[in-house]
Amino acid sequence: MSRTDSPDSPSTTSFPDSRESSGFGDRLRGWRPAVAMAARNLRRNRVRTALAVLGVCIGVLAVAALGIFGNVLALGADDAIGDIGTQVVVSPNADAGIDSLSDADVAAVRRAVGEPAVVPLYSDNAVVAGPSEQEFATVYGVEEPGLAFEAAEGRLPERHRRGAIVGASVAEELGVGPGDTVEIAGSQVRVVAVLVESQTFSPVAPDDAVFLPESAFSAEGYGQALVVAESGEGARDAADAIREEVNAREERVDLFELAAIVDEINEFFGLLSTFLLGLGAISLVVAGVSILNVMLMSTVERRQEIGVMRAVGVARRDVLRVLLSEAGLIGAAGAAAGTVLTVLLVAGLVLATPEVDAALALDPTNGYYLLLALGFGVGVGLVSGAYPAWKAANERPVEALRN
Amino acid sequence: MYSVELRGTTKRYPGGGAEPVVALDDVDFAVEPGEFVAVVGPSGSGKSTLLNVLGLLDDPTEGMRLLDGTDVTSLSVAERTAARKESIGFVFQDFHLLPTLTAVENVALPTAFDPGDASHRAADLLSRFGLGDRLDHEPSELSGGQKQRVAIARSLINEPAVLLADEPTGNLDTETGESILAEFERVKEEGVAVVAVTHDPLVEQYADRVVELTDGVLVGGVPDGEGKAERERASRPDPETASAGDR
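Only a predicted model underlies this, so the values are computations on that prediction, with no experimental measurement involved.

A short note on the overall build of chain B
Along the backbone of chain B there are nine helices and 10 strands. For 247 residues, the compact-globule estimate of 2.2 N^0.38 gives 18 Å, and chain B sits close to it at 18 Å. C-alpha atoms of chain B, sized along the principal axes, occupy 55 × 40 × 35 Å. The buried share of chain B, reckoned over its 247 residues, is 53%. Considering only contacts within chain B whose residues lie at least 6 apart along the sequence, 70% involve residues at least 24 apart.

Rendered as structure tokens:
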């Protein structure tokens, strides 16, 4: 080895500022040795590292699992009540002395809502008898059942002229299907279709009803009318329009608007999700504190080592990188483990409880909670590591080296 | 031109009382390239402070500091770090190797975060110090003398102007200490100025020049009598300088 600079070089030699770096590539390259060194430092005290990783793992598990549970609840609720949000039930306002909806009322409702289908219903109650059983059921008169209902068996006629359409519960109770005959209020009627079991609560309660043609009813006016919109938004608009136009002069009709309830239910589940997420976040904060503790302890223990690095010319920035990498690695390892555990936990939950629909657990929005928790885990590591790293990197080497 | 030089340098620390502690008092000190200087003196005389100021670990309160002819009296923290890496090698009493790194990695530590791989250079240096078969050993697998050789190799990785040693033989037995001092001989033959702070008479035997620090006052700091102390007693012969050629 020999000194290469000539001994009489002028005194203009300047020492380059090692903090200067050009470009993203350089900055990235600087991290590689830092991460390698950090990994070795973490291996030095395996138990302590493992415990810190476990802390983050539990935190991430809490955030991700609780977030996903909340989401699955909200999705499940949405699934269950989603359909009714698209319906508005219009009924006569009994308080104003109106007993039924006239053709004029129905026409007014149609004009007001525009696009959405309006299905007026006559209604009555009657005993419905099958071959062996009989049941007390609501009997509706409907002309266009296809606008509001779906058939599970048989086919819904475009115009309901003859026969009975039977709700799912009634059909099951009486043991009848399309082609069978039921007796309604003394007359024999052939069953033309059985409705799909409704997933939702609705004041019309189609499961427990039988739908006959309008001609079967001799009543003066309709008992109620269903407004069937494409979306919750459409239902809300329709309800607003009816309030403004049909009820403009006189409160002729009552509205049972499910969209508003759906909104409130969704709001509640949103709140529940946030609450659960917050609960999980607390454990992640605890994990952050444990990383802070681990990093502070290890930087204090390694004070001299860090002083030596600084003395032999390792820049503050690089010391900072090594220590931040250590905290980041703890965070990343914990977050990865926590994410895997969450996936296993959710899978176990789906397998163990048949009530939870697998489709809900596989919903892509749940992935968002996984990513969120993963990001939080790494972030908690970096944030908790920042202070100890900064403190250690900025200590004067002459102090750190002092025995 | 000196490898490292202090001119009229004073270092004061805020002490416990009203009076600050004067660790270095108007010190003139210079080392030529390839010169081995031993700094001796009782505990608390300011030897460590002298080494810290020379090594750019601490700044002087007053006076001037030059490294290879460049004024490095007041540099920013980052500039000082860069200058230490480029021009100064450190050897400590406790070796101060990083326990998680192998011998080669310890030697390459100063350049670990730079682009390029210095491990070949590090391995060459270790081979030169007789540790060619210990390249991938961790410090815990090395003897004291081997550790100190690794530390010397580390100090030389960037071909420094100055090697500063703080009690380099302090934790070694006499025989190992001598072998380490022999390594210093080889280092200085390559044009590196070596400054060792020591209590060990053995180090004094190997040094070209021995200077004594007492209560922050340095005697014989400059080789050819340019310093103030020398100017004051210019007529007298300087025993330290005279003995410079002996070893």
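A short note on the overall build of chain A
Summing up its helical and strand segments, chain A has 11 helices and 10 strands in all. If you line up chain A on its principal axes, its C-alpha atoms span 120 × 50 × 35 Å. Per-residue burial for chain A yields a buried fraction of 42% across its 403 residues. Counting contacts in chain A only where the partners sit at least 6 residues apart, residues at least 24 apart contribute 83% of the total.

Quick word on the domain arrangement of chain A
Taken as a whole, chain A is organised into domain 1 (28–79 + 265–401) and domain 2 (84–258). Distance between the C-alpha centres of domain 1 of chain A and domain 2 of chain A: 55 Å.

Thoughts on the interface of chain A and chain B
Contacts between the two partners involve 34 residues from chain A and, on the opposite side, 32 residues from chain B. Secondary-structure elements contributing two or more residues to the side of chain A that touches chain B are α1 (23–44), α7 (303–311), α8 (316–352) and α11 (397–401) of chain A. Tallying contributions element by element places α1 of chain A first for the side of chain A that touches chain B, with seven residues. Grouping the constituent residues of the side of chain A that touches chain B by class yields 14 nonpolar, nine polar and 11 charged.

Quick look at the pairing of strand β3 (residues 36–40) of chain B
Residue and element names in this part refer to chain B. Where burial is concerned, most of β3 is hidden: five out of the five residues are buried. Side chains Phe 36, Ala 38 and Val 40 project from β3 onto one buried face, and the interleaved Val 37 and Val 39 project onto a second face that is buried too. Sheet analysis places β3 next to strand β8 (residues 193–197), joined by four bridges and oriented parallel. Looking across to β8, one finds that Ala 38 is bridged to Ala 196.

Focus: the packing of α8 of chain A against helix α10 (residues 364–393) of chain A
Residue and element names in this part refer to chain A. In the contact formed by α8 and α10, the axes pass within 7 Å of each other and the chain directions differ by 155°. If you check the angle between α8 and α10, you find them roughly antiparallel. In the crossing of α8 with α10, the sense of the turn from one axis to the other is right-handed. Grouping the constituent residues of the contact of α8 with α10 by class yields 20 nonpolar, 10 polar and two charged.

What about the sheet that holds strand β9 (residues 209–214) of chain B?
In sheet architecture, strand pairing relies on hydrogen bonds along the backbone and comes in two forms, parallel and antiparallel. Residue and element names in this part refer to chain B. The strand order β6-β7-β8-β3-β9-β10 describes an open sheet built from six strands, whose pairing is mixed. Lying at the two open borders of the sheet, with one neighbouring strand each, are β6 (88–91) and β10 (217–219). Strand-to-strand twist of the sheet, defined as the mean angle between neighbouring strand axes without regard to direction, takes the value 20°.

Things to note about the sheet that holds strand β5 (residues 70–71) of chain B
Residues and elements named next belong to chain B. One open sheet holds the four strands; their spatial order is β2-β1-β4-β5, and the pairing between them is antiparallel. The sheet is open, and its two borders are formed by β2 (21–31) and β5, each paired with just one other strand. Here strand β1 (residues 4–13) pairs with strand β4 (residues 62–67) via five bridges, running antiparallel. Counterpart to Arg 7 in the pairing with β4 is Met 64. Contacts between helix α1 (residues 47–54) and the sheet are confined to β1, β2 and β4, with β1 contributing the most and set at about 125° to the helix.

Section: α7 of chain A
All names here are of chain A. Most of α7 sits out of view: seven of its nine residues are buried. Every buried residue of α7 is listed here: Glu 305, Ile 306, Gly 307, Val 308, Met 309, Arg 310 and Ala 311. Of the residues trailing α7, Gly 313 is marked for its positive phi of about 110°.

Some points on the confidence of the model for chain A
All names here are of chain A. In the predicted model, chain A carries a mean pLDDT of 85, and the fraction of residues at 70 or more is 91%. Of all helices and strands in chain A, the one with the weakest mean pLDDT is helix α9 (residues 358–361) (80), whereas α7 scores best (94). Residue range residues 1–21 is modelled with pLDDT below 50. Its contacts to residues more than four positions away, or to other chains, number 34 contacts.

Remarks on the packing of helix α4 (residues 119–128) of chain B against helix α5 (residues 144–156) of chain B
All names here are of chain B. Close contact between α4 and α5 brings their axes to 9 Å; oriented N to C, the two are set at 135°. Judged on the interaxial angle alone, α5 and α4 are oblique. Here α4 runs over α5; the crossing is right-handed. Residues Ala 122, Leu 125 and Leu 126 of α4 form the contact with α5, whose participating residues are Val 150, Ala 153 and Leu 156. The class makeup of the residues in the contact of α4 with α5 is six nonpolar, no polar and no charged.

What counts, and where the lines are drawn
Residues numbered from 1 in each chain as written. Chains lettered and ligands numbered in written order. Predicted model: local features only at pLDDT ≥ 70, side-chain atom pairs only at ≥ 80, totals over all residues. Helix = DSSP H or I, 4+ residues; strand = E, 2+ residues; numbered from the N terminus. Rg over C-alpha atoms; globule rule 2.2 N^0.38 Å. Buried ≥ 20, exposed ≤ 12 C-beta atoms within 10 Å, placed from the backbone. Contact = placed C-beta atoms within 7 Å. Domains from an automatic or database assignment. Nonpolar A, V, L, I, M, F, W, Y, C, P; charged D, E, K, R; others polar. Pairing = 2+ DSSP bridges. Axes fitted to C-alpha atoms, helices over the stretch in contact; angles between N-to-C directions. Parallel < 35°, antiparallel > 145°, perpendicular 65-115°, else oblique. Left-handed = near helix turned anticlockwise from the far one by under 90°. pLDDT = per-residue confidence, 0-100.

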